[in-house]
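Architecture and fold: a report
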Amino acid sequence: MKNLIPLILMSLMCLCIMPLAHAQTGYGKLSGKVLDEKHANLSYASVSLLKAKDSTVIKGSITEDNGTYEFSSLAAGQYIIAINMVGYAKVLKGPYLINDTHKSYTVDQVELVPTSKQLKGVEITSRKPLVERQVDKTVLNIENSVLAAGNTALEILQKAPGVTVDKDGNISLRGKKGVLVMLDGKPTYMSSEQIANLLRSTEGNAVQSIELITNPSSKYDAAGNSGIINIKLKKNKNYGTNGSVNAGAGYGRYYKANTGISLNHREKKFNAFGDFNYSRRKQFHNLDIRRVNETATDQTYFDQTSEGIGPRRNYNFKAGLDYFIDSLNTIGLAINGYNGGGNNETKVLTLIGSQPMRTDSSVKASTPNSWTYSGTTYNLNYKGTLDTAGQEITADIDYSRYKNNNDNYYENNFLDINGQPYKAPGIFRSAAPSEVNVFAVKTDYTYPFSKKMKLDAGLKSSVVSTDNNILFENFLNNSWQTDALRTNQFQYDENINAAYVNLKREFKSTTVQLGLRGEQTNSKGNSITEQIVSKRHYFNLFPTLFVNQVLSKNNEVGFSYSRRIDRPDYGDLNPFISFVDLYTYGIGNPFLNPQYTNSFELSYSFKKTINATLGYSHTSDAITRVLLSDTVQKTLFITSRNLAVKDAYNLNINSPLNIFKWWTTNNNLTVFYNKFSTPNLLGSPYSSGKLAFNANTNHTITLNPSTNIEMSGFYQSSLVEGTLAMKPQYGIDLGLSKSFINKKLMVKLAANDVFNLQRWRITSALPGQNYTVNEKEESRVFRFTCTYRFGSSDIKGARQRSKGSAAEQSRVKSGG
């Protein structure tokens, strides 16, 4: 109960923010009316309020149906009114002085004049590059990409520069694991497995862009030692009712299909939006493991081959309403979620022998399984502008719920050298339901001391509760009997309370930003069956520093430092056993500690196009996945351990290149070296490391204004990650897009992994561990998609939709 106290206090504070913000506004008012060339009232004209001193935009609005507009609650000062609309000449009125003597002005009626010259037969188009480098992040613009057609968000993420995704969906950024994945600015503190399920459930048609932030400020959560990946979903800013429908089909070895709809209705006072996407696909997964179990007296050779085939279905949805109380205050409600599931039929053959190429016995296994997973998040948000200087406050209240279940059946038939049964089959099954509930509140405040100095501050609190259960049963004597040694229930509760302050100051050619974040964590892990309880209470400070120096018109350098934390995945703390087959399994570790990282980064930019960064990070108690052999049980298992130290070095170079006016490219190279060391792993000191690199290239060829060709390729060299030595990975994707009916209809053809090259090959970097793992999934897929947009296509002076800042969601574990 005590963990709920800060949440209750913060919730009450957030509910008090809106009237407080209203109370702090100014007293001045400017109003007027706009007509067209026929003296008729002109609605939806864009009206901007500017500072007379420097013409900076203070507020934006549009005219009502009767052509009127109004700016209220203005602080003392001089203002200019700017009126603009497509097809008409821009008009400026003013300046108007607001003070104690003159608090209100009615601007003279304005009649807009049509522009005298119209461009006929000329269509001006603006197309963002696929990869865009900004000051503090790299942006992958997905919305119009051919290669995104029919893919999931996880498949798209694999194309991002400097990003790698392994066979289990674990994400690395510039060679480092520990990425914080955000959805529309909301942290998703999930396990890597649950993040993979979320991204598999998110259709590429719903993604607008992906932002890569390698060294975040104190405003962001301290989690994520390698940075933040923010996936932004599409939003519509057009007035009126509009939307789109899409459908697609694909084929590799098996079918793929997807469809979706998006609707948006916007008026002056509110914006309602929603979308729904559904996909279904059948796929295969091949896994081959060859290993040698060595003891002091003998060697046993295992040759395991398996193939799993089955359908998978996913859907995701989003709906919400923004209400514009006035030009200063916006309140919003939103709900988004996903649901997925599938089943798989896996056949496993394990050959066992005392010598290479010799079979003394074998095990034939059938392992059908099914899974479901779902998640829903409810959000209430508010944004208020307190004055015309830029002072503002935001608040979010979130509740999230995730439910998952895995049902597995294992039937193992034991055969002798002649292929005949020599003992009774080993049959067992398991069910693993889990549930996660998250409640979080957050508020942020911005105060500009001047045009060049700004303060940001904020508070956040969250409570997470998880309940994981696993039931194992053995089939003995013609009945199912509970396996007490494997059955377990694990509950985990966590409360994090945080506060931050961030100060930014701009000088003539130098920008400095200092930040400090404090996070207090209370957690309790309870293995009910095993009666193991682990409690932790700790407080940490996380400073950040950013310095940017403009050397000349074309040259900039920067330096940044941050301290960050990665708490263990909820699923990794869970001491359950998850079987791949009779001899291969994964197991959690309830005694994992959080890891801490100090990151340093130097950057250089030439003409804001060629960018280079040199980074170093030091991680203590590094959480690392290790694949180990149990020589007594003759099994292979994967788990997570705290290795003592991880030192990571990386050099990143990004450069766009225009080969011709119609052929543009973006190229990214990351060279990195990760060194792991620990004084004790399996009773001996261990150290590993290897120089590696990751290269991405993206090409866009514009054949004409309605036709584009895209090509992307990547190469990941061999590398060492903890105890795993991974072989190179590479692939090439191609795509073609064509628009029709004034760009309302878009048709796309795409081919993923054209030459069917993508696969995972893993060996051990740990002496005495002799295994080779080869995995192959269905990566070569040919896709055809169509998207049709309908309704209003005119922005008509729409202002940017206000949105409250992000709130925390969850870190959860699930199957699939």
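Criteria and thresholds
Residues numbered from 1 in each chain as written. Predicted model: local features only at pLDDT ≥ 70, side-chain atom pairs only at ≥ 80, totals over all residues. Heavy atoms only, no water. Helix = DSSP H or I, 4+ residues; strand = E, 2+ residues; numbered from the N terminus. Buried < 20%, exposed > 50% of the residue type's maximum accessible area, 1.4 Å probe, protein only. Areas by Shrake-Rupley, 256 points an atom, 1.4 Å probe, with all protein chains shown as cover. Contact = heavy atoms within 4.5 Å. Phe/Tyr/Trp six-rings, centres within 6.5 Å; stacked < 30°, edge-to-face > 60°. Salt bridge = Lys/Arg side-chain N within 4 Å of Asp/Glu carboxyl O. Pairing = 2+ DSSP bridges. Axes fitted to C-alpha atoms, helices over the stretch in contact; angles between N-to-C directions. pLDDT = per-residue confidence, 0-100. Polar contact = N/O pair within 3.5 Å; in protein donor to acceptor, adjacent residues only side chain to side chain. Patch = residues over 30% accessible without salt bridge, like charges linked within 9 Å, V, L, I, M, F, W, Y side chains within 5 Å.

Examining the overall build of the protein
Secondary structure summary: the protein contains 4 helices and 46 strands in total. Put simply, the protein has 816 residues, and 51% of those count as buried. Approximately 36,100 Å² of the protein is accessible, and the part contributed by carbon and sulfur atoms is 57%.

Section: the environment of Ile587
With respect to the element layout, Ile587 can be found in strand β33 (residues 584-587). Residue class for Ile587 comes out partly exposed when judged on its relative accessible area of 29%. With 51 residues separating them along the chain, Ile587 and Ile638 place their C-alpha atoms 6.5 Å apart. Every residue in contact with Ile587, bar those within four places of it in the chain, is listed here: Pro575, Phe576, Ile577, Phe637, Ile638 and Thr639.

Details of the packing of aromatic side chains
Per the stated rule, a full pass over the model turns up 28 aromatic pairs. Aromatic side chains Tyr338 and Tyr373 sit 6.2 Å apart centroid to centroid with 50 degrees between the ring planes, which places their arrangement in the tilted category. Taken together, the positions of Tyr338 in strand β21 (residues 329-353) and Tyr373 in strand β22 (residues 361-385) put the pair 35 residues apart, joining distant regions of the chain. With respect to burial, Tyr338 and Tyr373 carry one shared label: buried. For the ring pair Phe660 and Trp663, a centre distance of 6.4 Å and an interplane angle of 35 degrees mean the geometry is tilted.

Considering the pattern of salt bridges
Going through the model one piece at a time under the given rule, you end up with 16 salt bridges. Note that Asp221 is salt-bridged to Arg517, the shortest N-O span being 3.3 Å. Of the two residues, Asp221 is situated in the loop between β15 (207-213) and β16 (227-233) and Arg517 in strand β29 (residues 510-527); the sequence distance between them amounts to 296 residues. In this structure Asp221 comes out as buried when scored by relative accessible area, which is 4%. Take Arg517: its relative accessible area is 2%, and that puts it in the buried class. In this structure, a network of salt bridges that share partners links the residues Asp221, Lys460, Arg517, Glu519 and Arg567.

What about the pairing of strand β38 (residues 684-704)?
Both strand β37 (residues 663-681) and β38 contribute to a ladder of 17 bridges, which runs antiparallel. Its bridge partner lying in β38, Val671 is registered against Phe693. Linking β37 to β38, which pair antiparallel, is a turn of 2 residues; within it Leu682 sits at a positive phi near 60 degrees. The pairing of β38 with strand β39 (residues 707-716) spans 10 bridges and is antiparallel. When the bridges of β39 are listed, Asn696 appears paired with Phe714. What sits between β38 and β39 in their antiparallel hairpin is a turn of 2 residues.

Remarks on the sheet that holds strand β3 (residues 57-62)
Within the open sheet, the 4 strands sit side by side as β3-β2-β5-β6. Their pairing is antiparallel. Strands at the two margins of the open sheet, each flanked by one partner only, are β3 and β6 (91-98). If you compare each strand with its neighbour and ignore which way they point, the axes differ by 20 degrees on average. Relative to strand β5 (residues 77-84), strand β2 (residues 46-51) runs antiparallel, the two sharing 6 bridges. Of the residues in β5, the one forming a bridge with Leu50 is Ile80.

Regarding the environment of Lys93
Looking at the secondary structure, you find Lys93 in strand β6. Sequence separation of Lys93 and Val110 is 17 residues, and the distance between their C-alpha atoms is 8.9 Å. Those residues in contact with Lys93 that sit more than four places away from it in its chain are Ile80, Ile81, Val107, Asp108 and Val110.

Let's talk about the confidence of the model for the protein
Detailed reading of the predicted coordinates is not advisable wherever pLDDT falls low. Looking at the protein, pLDDT values average 83 and 85% of them are 70 or higher. The secondary-structure element of the protein with the lowest mean pLDDT is helix α1 (residues 4-23), recorded at 51, while strand β27 (residues 479-482) shows the highest, at 94. For the stretch residues 16-25, pLDDT sits under 50, and the model shows 21 contacts to residues farther than four places along the chain or on other chains. Scored below 50 in pLDDT, residues 117-126 makes 4 contacts in the model with residues more than four places away or belonging to other chains.

Some points on the side chain of Glu473
Position of Glu473 relative to the elements: it lies in strand β26 (residues 453-476). Overall, Glu473 belongs to the buried group, its relative accessible area being 15%. Within the local environment of Glu473, its side chain forms a polar contact with the side chain of Arg429, the two groups lying 2.7 Å apart. If we skip the residues at most four places from it in the chain, Glu473 touches Ile427, Phe428, Arg429, Trp480, Gln481, Thr482 and Asp483.

Some words on a nonpolar patch on the surface
A cluster of nonpolar side chains, Phe559, Phe600, Leu602, Leu614, Leu651, Ile653, Leu669, Phe693 and Tyr715, forms an exposed patch at the surface whose accessible area comes to about 730 Å². Within the secondary structure, Tyr715 sits in strand β39.

Comments concerning unusual backbone geometry
With omega at 10 degrees, the peptide bond leading from Gly94 into Pro95 counts as cis. With respect to the helices and strands, Pro95 occurs in strand β6. Positive phi, normally seen in glycine, also occurs at Asp621, with a value near 55 degrees. The topology assignment puts Asp621 in strand β35 (residues 610-630). Looking at Asp621, the relative accessible area reads 33%, which means it is partly exposed. Non-glycine residue Asn756 carries a positive phi angle of around 55 degrees. Residue position: Asn756 is located in the loop between β43 (745-752) and β44 (760-764). Relative accessible area serves as the criterion here: at 26%, Asn756 is assigned to the partly exposed category.

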